[in-house]
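Coordinate analysis (summary)
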Amino acid sequence: MLRFRVYRYLVEITSIPLTILLIAFVLSGYCLVKSEVVEVFTFGLFTYPVCVAIHTSELLRVLLVATGLLHGVPGFILLLLRYVSLRLRKLIEVLITVAGIVIAIETLLLELI
């Protein structure tokens, strides 16, 4: 049952960085459309040039996808393993992990092309 502890640990440690990255991307996206409102709402922290830099940053996009995968794959496995029979657990774990790897490779290819 060590892997379940590892899954839970991954979900816990990635939750705060993922939340921060998601908030930054959502705010910067709104800022691209309604920059004055977001600038007032964030007390001048998110100006239009800052929002463009955040929203178009390759590093932040890769971090968002990596953090999302590190949070989502173990979280999804933990969720499904609660409701699945013992015989199917390993198969579902492998399928979800393979899907996460495929998404990671697709994202890296999209960023490199």
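Residues numbered from 1 in each chain as written. Predicted model: local features only at pLDDT ≥ 70, side-chain atom pairs only at ≥ 80, totals over all residues. Heavy atoms only, no water.

Below, the discussion takes up the packing of helix α1 (residues 2–33) against helix α3 (residues 48–55). Between α1 and α3, the shortest axis-to-axis distance is 8 Å and the interhelical angle comes to 125°. Judged by the angle between their axes, α1 and α3 are oblique. Helix-helix and strand crossings are classified by hand; for α1 and α3 the assignment is left-handed. The residues of α3 that touch α1, namely those facing Ala24, Phe25, Leu27, Ser28, Gly29, Cys31 and Leu32, are Tyr48, Cys51, Val52, Ile54 and His55. Among the residues making up the contact of α1 with α3, the classes are represented as 9 nonpolar, 3 polar and no charged. (Axes fitted to C-alpha atoms, helices over the stretch in contact; angles between N-to-C directions. Helix = DSSP H or I, 4+ residues; strand = E, 2+ residues; numbered from the N terminus. Parallel < 35°, antiparallel > 145°, perpendicular 65-115°, else oblique. Left-handed = near helix turned anticlockwise from the far one by under 90°. Contact = heavy atoms within 4.5 Å. Nonpolar A, V, L, I, M, F, W, Y, C, P; charged D, E, K, R; others polar.)

Below, the discussion takes up the nonpolar core. Residues Phe4, Tyr7, Leu69, Val73, Ile77, Leu81, Val84, Ile92 and Ile96 constitute the largest nonpolar core, which totals 9 residues. Elements with a contribution of two residues or more to this core: α1, α4 (58–83) and α5 (86–112). Counting residues per element, this core draws most heavily on α4, at 4 residues. Counting residues in each nonpolar core, the second largest holds 7 residues, with Ala24, Cys31, Val38 and Phe46 among its members. (Core = buried A, V, L, I, M, F, W, Y, C linked by side-chain atoms within 4.5 Å. Buried < 20%, exposed > 50% of the residue type's maximum accessible area, 1.4 Å probe, protein only.)

A few words now on the state of the cysteines. Tallied over the entire structure, the rule returns 1 disulfide. Between the sulfur of Cys31 and that of Cys51 lies a disulfide, 2.4 Å long from S to S. Residues Cys31 and Cys51 are joined through a disulfide that is right-handed, its torsion about the S-S bond being 90°. Highlighted residues: Cys31 in helix α1 and Cys51 in helix α3, separated in sequence by 20 residues. According to the relative accessible area criterion, Cys31 is buried, its value standing at 0%. According to the relative accessible area criterion, Cys51 is buried, its value standing at 0%. (Disulfide = S-S within 2.5 Å.)

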